[in-house]
Amino acid sequence: MTRRHEERKADAYRKIKLGGLVIKAGLADLPSNVLLGLLMDGAERLRDPDAVEQFARRGDKEFKT
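For every chain, the first residue of its written sequence is number 1, and the numbers climb from 1 along that sequence. Residue-level local features of this predicted model are given only where pLDDT is at least 70; pairs of side-chain atoms are given and counted only at 80 or more, and the full residue set underlies all totals for whole chains, interfaces and linings. In computing side-chain values, all of the structure's heavy atoms are included and hydrogens and water are not.

Draft legend 1. Region of interest: the overall build of the protein chain. When helices and strands are tallied, the protein chain shows three helices and zero strands. The globule rule used for comparison is 2.2 Å times the number of residues to the exponent 0.38, while the radius of gyration itself is calculated over C-alpha atoms. A compact globule built from 65 residues would reach a C-alpha radius of gyration of about 11 Å, whereas the protein chain, at 15 Å, exceeds it by more than 25%. Structurally, the protein chain occupies a C-alpha span of about 40 × 25 × 25 Å along its principal axes. Looking at the 65 residues of the protein chain, the share that counts as buried comes to 5%. For the protein chain, the distance from the average site of its 14 positive side-chain charges to the average site of its 11 negative ones is 5 Å. The secondary structure listing takes helices from DSSP runs of H or I that are at least 4 residues long and strands from runs of E that are at least 2 residues long, numbered from the N terminus. Exposure categories follow from relative accessible area, calculated using a 1.4 Å probe and restricted to protein chains: below 20% of the type maximum is buried, above 50% is exposed, and the middle band is partly exposed. In this count, Lys and Arg are taken as positive residues and Asp and Glu as negative ones, while His and the chain termini are left out. Charge positions come from single atoms, namely NZ of Lys, CZ of Arg, CG of Asp or CD of Glu.

This is how it looks when you write it as C-alpha cells:
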C-alpha cells in the first residue's frame, strides 16, 4: 500500500473510534452544534490538571462497564 493509502486508512480508523466514543457517551442524538459546543467546553476545562484527572477516572470507570 502507498503511504497516502495508509494515512487515509489511519484517519478513517481514528474517526470511527471517535464516533464510537460519542455513541458510548450517549451523545449521538445531539445536534452537531450542541455536540461541538460540549466538546469545546470540555477542551477548555482540560487546561486544569485536576479536571484531566477527573475525566480520566470517569472514562476508565465507563470503559470497565
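Draft legend 2. Local environment of a nonpolar patch on the surface. Residues with no salt bridge and a relative accessible area higher than 30% make up the patches, which join like charges within 9 Å and nonpolar side chains (Val, Leu, Ile, Met, Phe, Trp, Tyr) within 5 Å. Areas reported here follow the Shrake-Rupley algorithm with a probe of radius 1.4 Å; residue values treat only the protein chains shown as occluding. Any Lys or Arg side-chain nitrogen found within 4 Å of a carboxyl oxygen on Asp or Glu counts as a salt bridge. Residues Leu 18, Leu 21 and Phe 63 make up a contiguous nonpolar surface patch of roughly 300 Å² in combined accessible area. Looking at the element boundaries, Leu 18 is found in helix α1 (residues 3-24).

Draft legend 3. Representation of the pattern of salt bridges in the model. Here the structure, examined in full by the defined rule, presents three salt bridges. Here Asp 11 makes a salt bridge to Lys 15, at a shortest N to O gap of 2.9 Å. Placement of the pair is Asp 11 and Lys 15 together in helix α1, with a separation of four residues, close to one helical turn. Residue classification places Asp 11 among the partly exposed positions, given a relative accessible area of 34%. Across the salt bridge formed by Glu 53 and Arg 57, the nearest N and O atoms sit 3.7 Å from each other. Highlighted residues: Glu 53 and Arg 57, both in helix α3 (residues 49-64), separated by four residues, approximately one helical turn. Under the relative-accessibility criterion, Glu 53 is labelled partly exposed at 44%.

Draft legend 4. Quick peek at α3. A helix's residues, less one, multiplied by 1.5 Å, set its expected span. Counted at 1.5 Å a residue, the expected span for α3 with its 16 residues is 22 Å, and the 23 Å between its end C-alpha atoms agrees. Polar contact is the term for a pair of N or O atoms within 3.5 Å; when the atoms are in protein, one must be able to donate a hydrogen and the other to accept it, and sequence-neighboring residues count only if both atoms are side-chain atoms. The N-terminus of α3 is capped by Asp 48, whose side-chain oxygen sits 3.0 Å from the backbone nitrogen of Asp 50.

Scope: geometric values only; no functional claims are made or implied.
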